[in-house]
Amino acid sequence: MQKEASSKSSAIIALIMGTLAMAGCFMAWSSFAPLAAQITTTFHLSESQKTLLLATPVLLGSIMRIPVGILSDRYGGKKVYIALMIFVLIPLFLVPRVHSFGLLLIAALLLGMSGTSFAVGISYVSVWFPPERQGLVLGIASLGNIGNAISALTLPRIAAKWDFSMVYNVLIGVLLVLIVLFIVLCKEMPVDKTKTLKGSLAVAKDANTWYLSLFYALTFGLFMSFSNLTPTLLNGLFKMNPINAGMFAAAFGALCTLVRPIGGVLSDHLRPMQLLQWVMIGIGVFAVEMGLTLSGISPFVTGLVLIGVIAGLGNGIIFKMVPYVSKGNTGAVTGFVGAIGGLGGYFPPILLGSLKQMTGSYAGGFWLLAIFAILCWFVLYRQFIRGGSHIVQ
């Protein structure tokens, strides 16, 4: 009985600390977006340079989710989480001390490692809970994504009250506190010492890994893209000041994150793929609506809020299915799915900036989003709805 109570206590602490650590890392990962206007002025950036800078942290944070997820499965999430947060302190220290766009891009690339916290967090938290609770638990753990919203809400105010350097001093302080708490409070997760790299990479041979990756590229890619682009869009379309634009970006990030557990819970009780097809249809509808309302702030923001809620539900639905793809390789599957999902958030800002520079309008980006949603729905329908394939029975 005492051992069971201890195990339950360890699981709850793992869930709480895994979520908080992810939130701290996501604050660092998304720190450029709320400060985009200030950085653009300081470094005299063009529209395409600005969107490249916003997308750069997403690149490494996506690609490196695969090896980091595998390392977490093999050596334990606690060790990997602590090592990751210590590494992220380096780019946080560098960002306010560089004086050229090239060096800022390098610092942004290194800062992208903070985005790999998602793969570590899911791997670390999932092993403590039974399969029938995975939807709810992984939905709660994924609330760490709310770090995007916290950054959007707080960082512009810190920069306005103090300066740009203080923003990164605060982020360093947040991570130092989390490192200490993780060391003191958390136990290491059980790991399979016999697991090999070949065994972990075997998940790449499973078609379901790639189907979930495609769907996550839509839902999580949308979350990351709009979390980073909302301040830029609202400033460019409606001349909104950075603090107010940051509040809207925070609202988007918070809504998208807070509904994620609801998607997980719904997936515990209903067929996830049936739910997911409505998510894709909803994203397509509101992408078209936003593309048609670029001159009206109220309908545009309404579309932004609703597409965020739908994408957040989709994120929770997809990650209900991740632990079922390959038992004992949750970190590896999370790494692959998270990597492709992150890349789904890397290319749109660059593409949107290029389209805006070429055409003078953001509309083309929303038409492409609608087309991608239709494509994902078609694949899901062919394979899982009409085709009858299952990941979760």
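As the structure is a prediction and not an experimental result, all values here were calculated from the model. (Residues numbered from 1 in each chain as written. Predicted model: local features only at pLDDT ≥ 70, side-chain atom pairs only at ≥ 80, totals over all residues. Heavy atoms only, no water.)

Trainee: Looking at this structure, I do not really get empty space enclosed by the protein. What am I missing?
Mentor: Rolled over the atoms, a probe sized like a water molecule indicates the empty space that remains. According to the stated counting rule, one finds two cavities of 30 Å³ or more in the structure shown. In this structure, the second largest cavity occupies an estimated 30 Å³ of space. Lining the second largest cavity, in full, are Ser30, Ala33, Pro34, Asn148, Ala152 and Ser227. Here the lining of the second largest cavity is built from residues that sort into three nonpolar, three polar and no charged. (1 Å grid on protein atoms, 1.4 Å probe; cavity = no way out; pocket = protein on both sides within 12 Å on 5 of 7 lines; lining within 4 Å. Points joined across faces, edges and corners; volume = space filled by probe spheres on them. Nonpolar A, V, L, I, M, F, W, Y, C, P; charged D, E, K, R; others polar.)

Trainee: What is the right way to look at the packing of helix H13 (residues 242-258) against helix H14 (residues 260-269) in this model?
Mentor: The description of two packed helices rests on the angle between their axes and on the distance between the axes. Following both chains from N to C, one finds H13 and H14 inclined at 20°, their axes separated by 4 Å at the closest point. Here H14 runs roughly parallel to H13, going by the angle between their axes. Residues Cys256, Thr257 and Leu258 of H13 lie in contact with H14, whose contacting residues are Arg260, Pro261 and Ile262. Among the residues forming the contact of H13 with H14, the class breakdown is four nonpolar, one polar and one charged. (Axes fitted to C-alpha atoms, helices over the stretch in contact; angles between N-to-C directions. Helix = DSSP H or I, 4+ residues; strand = E, 2+ residues; numbered from the N terminus. Parallel < 35°, antiparallel > 145°, perpendicular 65-115°, else oblique. Contact = heavy atoms within 4.5 Å.)

Trainee: In this structure, what is going on with the pattern of salt bridges? I would like to understand it.
Mentor: If the charged atoms of two oppositely charged side chains come close together, the side chains can form a pair. In this structure the tally under the stated criterion is two salt bridges. Here glutamate 188 ties to lysine 79 by a salt bridge, and the two come within 3.3 Å at their closest N and O atoms. Remark: lysine 79 occurs in helix H5 (residues 77-94) and glutamate 188 occurs in the loop between helix H10 (164-185) and helix H11 (197-201); sequence separation between them is 109 residues. Residue glutamate 188 is classed as partly exposed on the basis of its relative accessible area, which comes to 25%. On the basis of relative accessible area, lysine 79 is assigned to the partly exposed category, the value being 49%. Residue aspartate 268 pairs with lysine 320 through a salt bridge whose shortest N-O separation is 2.7 Å. Taken together, the positions of aspartate 268 in helix H14 and lysine 320 in helix H16 (residues 297-325) put the pair 52 residues apart, joining distant regions of the chain. Looking at aspartate 268, the relative accessible area reads 24%, which means it is partly exposed. (Salt bridge = Lys/Arg side-chain N within 4 Å of Asp/Glu carboxyl O. Buried < 20%, exposed > 50% of the residue type's maximum accessible area, 1.4 Å probe, protein only.)

Trainee: Looking at this structure, how should I read the nonpolar core?
Mentor: With 121 residues, the main nonpolar core has Phe32 and Leu276 as its most contacted residues. Here this core takes 13 residues from helix H12 (residues 207-238), the largest share from any one element. Among all residues touching phenylalanine 32, those that are not within four sequence positions of it are Ile39, Leu53, Leu54, Pro57, Val95, Leu104, Ala108, Leu111 and Tyr168. Membership of the second largest hydrophobic core comes to five residues, among which are Ala149, Ala152, Ala249 and Ala254. (Core = buried A, V, L, I, M, F, W, Y, C linked by side-chain atoms within 4.5 Å.)

Trainee: Would you mind going over unusual backbone geometry with me for this structure?
Mentor: The phi torsion of most residues other than glycine is negative, and most of the peptide bonds are trans. Of note, the phi angle at histidine 44 is positive, near 55°, even though the residue is not glycine. Structurally, histidine 44 is set in the loop between helix H2 (36-43) and helix H3 (47-63). Histidine 44 sits in the exposed class, given a relative accessible area of 68%. The residue lysine 239 is not glycine, and still its phi comes out positive at about 55°. Among the structural elements, lysine 239 can be located in the loop between H12 and H13.

Trainee: Got a minute to help me understand the environment of isoleucine 179 in this structure?
Mentor: Mapped onto the elements, isoleucine 179 comes out in helix H10. Along the backbone, isoleucine 179 and isoleucine 82 are 97 residues apart, and their C-alpha atoms lie at a distance of 5.9 Å. Isoleucine 179 has contacts with Ile82, Met85, Ile86 and Leu89, leaving out every residue within four places of it along the chain.

The values reported here are purely geometric and, on their own, carry no functional implication.
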